Amino acid sequence: MTISANEIEALLDAEVEGSDPTDPNVTHFVSARVTPRLRSVNFSGGIVQKCWAVTRTDGDYRVVYLPTAGYFSLCVESQIGLLDIGVHGSAIGCFSSV
C-alpha cells in the first residue's frame, strides 16, 4: 500500500485531536513533529525499508510510520542509520515510551 505524506499528516492530526491536550506527552510530541519525509530504516534480519520519519530526533530516538505495516515505530539513531527497536503502535504512544 502506498501512502502519501499528506495522508500521514492526517493520521497524526487525528491522533493529536483525539488526545488530551493537557497531557505533557502530547505537547512534547506536537513540538517534535515534522513534515513526514522518507528515511531508510534497518530491521532485524538485515531488512531495510523506506519509512516516513514524523518527528525530529532527540539525539537518540525518532518516530517513523511503517507503510507496509500501517503503524508507527520508535527507532534509535545508530551508526548505520535508523534502527527499529520493536516499539510499535500509535505515534504518541511510541514517542511517549522513552
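Preceding block: the structure.
Residues numbered from 1 in each chain as written. Predicted model: local features only at pLDDT ≥ 70, side-chain atom pairs only at ≥ 80, totals over all residues. Heavy atoms only, no water.

## Some remarks on the nonpolar core
Part 1 of the reasoning: Judged by nonpolar contacts, the single largest core of 16 residues is most densely connected at I8, L12, V63 and F72.
Part 2 of the reasoning: Breaking this core down by element, the ones donating at least two residues are α1 (5–17), α2 (24–32), β2 (47–55), β3 (61–66), β4 (71–78) and α3 (91–96).
Part 3 of the reasoning: Non-local contacts of L12, meaning those with residues more than four positions away in its chain, are made with F29, R33, V54, F72 and A91.
Part 4 of the reasoning: Counting eight residues, the second largest nonpolar core, distinct from the first, contains V41, F43, L66 and L82. (Core = buried A, V, L, I, M, F, W, Y, C linked by side-chain atoms within 4.5 Å. Buried < 20%, exposed > 50% of the residue type's maximum accessible area, 1.4 Å probe, protein only. Helix = DSSP H or I, 4+ residues; strand = E, 2+ residues; numbered from the N terminus. Contact = heavy atoms within 4.5 Å.)

## Description of α2
Part 1 of the reasoning: Of the residues making up α2, those classed as buried are V26, F29 and A32. What you see down the axis of α2 is that its buried residues fit within an arc of 130°, all on one side.
Part 2 of the reasoning: Capping the start of α2 is the job of one residue whose side-chain oxygen sits 2.7 Å from the backbone nitrogen of N25: D23. (Arc of directions from axis to C-beta. Polar contact = N/O pair within 3.5 Å; in protein donor to acceptor, adjacent residues only side chain to side chain.)

## Points about the sheet that holds β2
Part 1 of the reasoning: Reading around the circumference, β1-β2-β3-β4-β5 is the order of the five strands in this closed barrel, with mixed pairing throughout. Across the sheet, the mean angle separating the axes of adjacent strands is 50° when strand polarity is ignored.
Part 2 of the reasoning: Bridge analysis of β3 against β4 gives six bridges, and the strand direction is antiparallel. Paired with Y61 across the bridge in β4 is V76. (Pairing = 2+ DSSP bridges. Axes fitted to C-alpha atoms, helices over the stretch in contact; angles between N-to-C directions.)

## Thoughts on the environment of V48
Part 1 of the reasoning: Note that V48 resides in strand β2.
Part 2 of the reasoning: With sequence-adjacent residues up to four places away left out, V48 is seen in contact with S40, V41 and N42.

## Some remarks on the packing of aromatic side chains
Part 1 of the reasoning: Applying the stated criterion to the full structure yields two aromatic pairs.
Part 2 of the reasoning: Geometrically, the ring pair formed by F29 and F95 is edge-to-face, given 5.5 Å between the ring centres and 75° between the ring planes. Taken as a pair, F29 in helix α2 and F95 in helix α3 lie far apart in primary sequence, 66 residues in all. Each member of the pair, F29 as well as F95, carries the same accessibility label: buried. (Phe/Tyr/Trp six-rings, centres within 6.5 Å; stacked < 30°, edge-to-face > 60°.)

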